[in-house]
Amino acid sequence: MEEAVRAAPARGLRWWHYAIALFVVVQAAFWAYSPALRGPFLFDDTYLPMNQPNPPEDWQSWLVGVRPLLSLSFWVNYRISGTAGTLSYHVFNVLLHIANTLLIFLLLRKLLWLGGVEEKWRLALAGFGAGVFLLHPLQTESVAYIASRSETLSVLFFFAAFAVFLYRRSPAVSWRDSLAILVLFAAAASVKEHTVVLPAALLLTDYFFNPGFSLEGIRKNWRLYAPMAAAAAAGVAIILKLVAGADSAGFGLKGLAWYEYFFTQCRALWVYLRMFILPVGQTADHDFAISRSLFEPAVILGLLALAALTVAAIVFRRKYPLAAYGFLLFLILMAPTSSFLPIKDPLVERRLYLSMIGLLLIALEGLRRVRLPLPKLAAALAALVLLAGGLTYARSQVWSSATALWEDAVAKTPNKARPHFQLGYAYYQMGRCNEALKHYQAVSRLELPDYRLLVDWALAHDCLNQAQEALSKLERAAGLERTAHVYALMGMIHGKNARVKEAENALAEAEKLDPKFDMTYVYRGNLRLAEMNLPAAAENFRRALVLNPRNQAAAEALSVIQSRR
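Residues numbered from 1 in each chain as written. Predicted model: local features only at pLDDT ≥ 70, side-chain atom pairs only at ≥ 80, totals over all residues. Heavy atoms only, no water.

Asker: Which residues make up the nonpolar core, and what values go with them?
Answerer: Met50, Phe158, Phe159, Phe165, Leu202, Tyr325 and Val486 are the most contacted members of the largest nonpolar core, which has 156 residues in total. Those residues in contact with Val486 that lie beyond four places of it in its chain are Tyr451, Val455, Leu474, Ala477, Ala478 and Glu481. Of all hydrophobic cores here, the second largest spans 13 residues; its members include Tyr521, Val522, Ala544 and Leu558. (Core = buried A, V, L, I, M, F, W, Y, C linked by side-chain atoms within 4.5 Å. Buried < 20%, exposed > 50% of the residue type's maximum accessible area, 1.4 Å probe, protein only. Contact = heavy atoms within 4.5 Å.)

If you want it as structure tokens, here you go:
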């Protein structure tokens, strides 16, 4: 199959056909995600570099950190629109998704060629697969959620490396192609670590299609696999080092052993497969129970079914090459997040963004065998893609606001604490503080109240002028963690209730704990302002702005003082 390395051109198509197709793809993507294009920063978005105090203006400073290319992409958005609006961030995410769709079309078309699919079917099947990838509602978390850019950007580099590999000019990879693949591989892994499985995906591809079910192609491509093996080993070592001290992933994750996570994933993989076929029950925060024993019936059934399908893929690899290859590729691409390395959240929809290509190949294996005239089949497939687009549009509406997102999550996972907490915070930000209290109370019933819950709970009480209840929650929080934040809030509440001495004592304790906490000086400035000591108030507000130039409360208060002079 040496000639199979070269791509077969699609006959009868001219450049303007592709231009029209690109126009349709762009329009479909922006229509499907239009409800979320102006959605706010949500959940982990608040921890991104541009939302930190004093983000640097120069791009070089954004390259310092674990994921430099990802941070650099956020710098571009920050330079365009700052943090006043999110449109440029969302548009960038959609453009990345479109680019990945174009790449997956090229990958599918080539893999269909390698799998022996007739030329007249290849374009329609590859187009259908790309359309599903573009508009499948499971993609909404990866595209509509700004922090999930790590998914779309890393997959862009991954698919680009895969495309260079598939579209090389000869069965043996040249030094030039090897270098391009390695550079793209490094870029992908630097954006998100789960792409470290690229070498395994390429090895599987060489075994299946170069020249076909042998190790010959792998031996010929030593120029690629030798340096890639070293890079992958280094990548795995870096990943293990990064997760060693993490509180959300790693073999040291408290309360979740590696084998328990594996048992859980034996069930979770089937949920992903079901949601690919029937995308119902989507939520930003799945409540998926941990399996503690191998002998749970669902674990046994899931593990045996996965083993049976793996054996079937190996046995029937010659008869159903695309389906066999697709299933094994799916397992490889899911392995970093859905096998043995424990992750706090066992089921997350965005994990299908990279691995969906494997499931698409399984579907295309079946469709290639459908005995329908091509126009009828193409019309049916187009209808399915349109249906997927409608579902994605509806799902994107959930990502249009914090309340919509977390109301949906609470409705679907009412017994999980985190959605209640996030919805309570969203209600508090909107001034719906009575509703916020209800959800904070729900959190306290579901799990032991921690520092963060108690602080936010106190703020909701303060919003309702319930000073004593607010102070009680803050005192409990201080018993868990003595921070400048909690004592500054005590000072703020005492000050609002004309208890100046108590306020001064709390603010002094806050300053002692962390002299660089800017809100301490805002609250002290408010005390001086209430006393009409304008010079002292202005001094405190200026100090807060030195520590955090983006402190809006200090800036507004200082403006008021200056207008009085």
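Asker: Give me the lowdown on the state of the cysteines, citing residues and values where you can.
Answerer: Enumeration according to the criterion identifies one disulfide in this entry. Cys433 shares a disulfide with Cys463; S-S distance 1.9 Å. Residues Cys433 and Cys463 are joined by a disulfide whose S-S torsion is about 80 degrees; by sign, that bridge is right-handed. Taken together, the positions of Cys433 in helix α18 (residues 433-446) and Cys463 in helix α19 (residues 451-463) put the pair 30 residues apart, joining distant regions of the chain. A relative accessible area of 33% means that Cys463 is categorised as partly exposed. (Disulfide = S-S within 2.5 Å. Helix = DSSP H or I, 4+ residues; strand = E, 2+ residues; numbered from the N terminus.)

Asker: Give a detailed account of the packing of helix α4 (residues 119-135) against helix α14 (residues 352-367), specifying residues and quantitative values.
Answerer: Two elements in contact, α4 and α14, have axes whose closest approach is 10 Å; the angle formed by their N-to-C orientations is 145 degrees. Crossing handedness for the pair α4 and α14: right-handed. Residues Leu125, Phe128, Gly129, Val132 and Phe133 of α4 form the contact with α14, whose own contacting residues are Tyr353, Met356, Leu360, Leu364 and Leu367. (Axes fitted to C-alpha atoms, helices over the stretch in contact; angles between N-to-C directions. Left-handed = near helix turned anticlockwise from the far one by under 90°.)

Asker: Describe helix α13 (residues 321-334), naming the residues involved and giving the relevant values.
Answerer: Over its 14 residues, α13 extends 20 Å from the first C-alpha to the last, a length consistent with the 20 Å expected when each residue adds 1.5 Å. Counting buried positions along α13 yields 13 of 14 residues, so the element is predominantly enclosed. (Expected span 1.5 Å × (residues − 1).)

Asker: Now, about unusual backbone geometry: what can you tell me, with residues and values included?
Answerer: A cis amide bond links Asn210 to the next residue, Pro211, at an omega of 0 degrees. Tracing the chain through its elements places Pro211 in the loop between α8 (198-209) and α9 (216-220). Of note, Asn465 is a non-glycine position whose phi angle comes to about 60 degrees, a positive value. By secondary structure assignment, the location of Asn465 is in the loop between α19 and α20 (467-480).

Asker: Could you give an account of the pattern of salt bridges, naming the residues involved and the relevant values?
Answerer: Under the counting rule described, the total for this entry stands at 21 salt bridges. Here Lys416 ties to Asp285 by a salt bridge, and the two come within 2.6 Å at their closest N and O atoms. Residue Lys416 is found in the loop between α16 (402-412) and α17 (417-429), and its partner Asp285 is found in the loop between α11 (258-277) and α12 (297-315); the two are separated by 131 residues along the sequence. Of the two residues, Lys416 and Asp285, both sit in the buried class. Linking Glu511 and Arg543 is a salt bridge whose minimum nitrogen-to-oxygen distance equals 3.6 Å. Residue Glu511 is found in helix α22 (residues 500-513), and its partner Arg543 is found in helix α24 (residues 534-547); the two are separated by 32 residues along the sequence. (Salt bridge = Lys/Arg side-chain N within 4 Å of Asp/Glu carboxyl O.)

Asker: How would you explain the environment of Tyr427 if you had to name every residue and give the values?
Answerer: In this fold, Tyr427 is placed in helix α17. On the basis of relative accessibility, which here comes to 6%, the residue Tyr427 falls in the buried class. Sequence separation between Tyr427 and Leu331 is 96 residues, and the spatial gap between their C-alpha atoms is 40 Å. Setting aside its immediate chain neighbours within four residues, Tyr427 contacts Thr403, Glu407, Arg432, Cys433, Glu435, Ala436 and His439.

Asker: Talk me through the packing of aromatic side chains; I want residue IDs and the actual numbers.
Answerer: For the structure on display, the rule yields 23 aromatic pairs. Arranged with centres 5.1 Å apart and planes meeting at 50 degrees, the rings of Phe133 and Tyr353 form a pair that is tilted. Of the two residues, Phe133 sits in helix α4 while Tyr353 sits in helix α14, which places them 220 residues apart along the sequence. Using a relative accessible area of 0% as the deciding quantity, one classes Phe133 as buried. Judged by relative accessible area, which is 0%, Tyr353 ranks as buried. Site record: aromatic cluster; members linked through ring pairs are Tyr207, Phe208, Phe209, Phe213 and Tyr325. One Lys or Arg, Arg168, reaches over the ring of Phe165 and ends 4.4 Å from the middle of that ring. (Phe/Tyr/Trp six-rings, centres within 6.5 Å; stacked < 30°, edge-to-face > 60°. Lys NZ or Arg CZ within 6 Å of the ring centre and 35° of its normal.)

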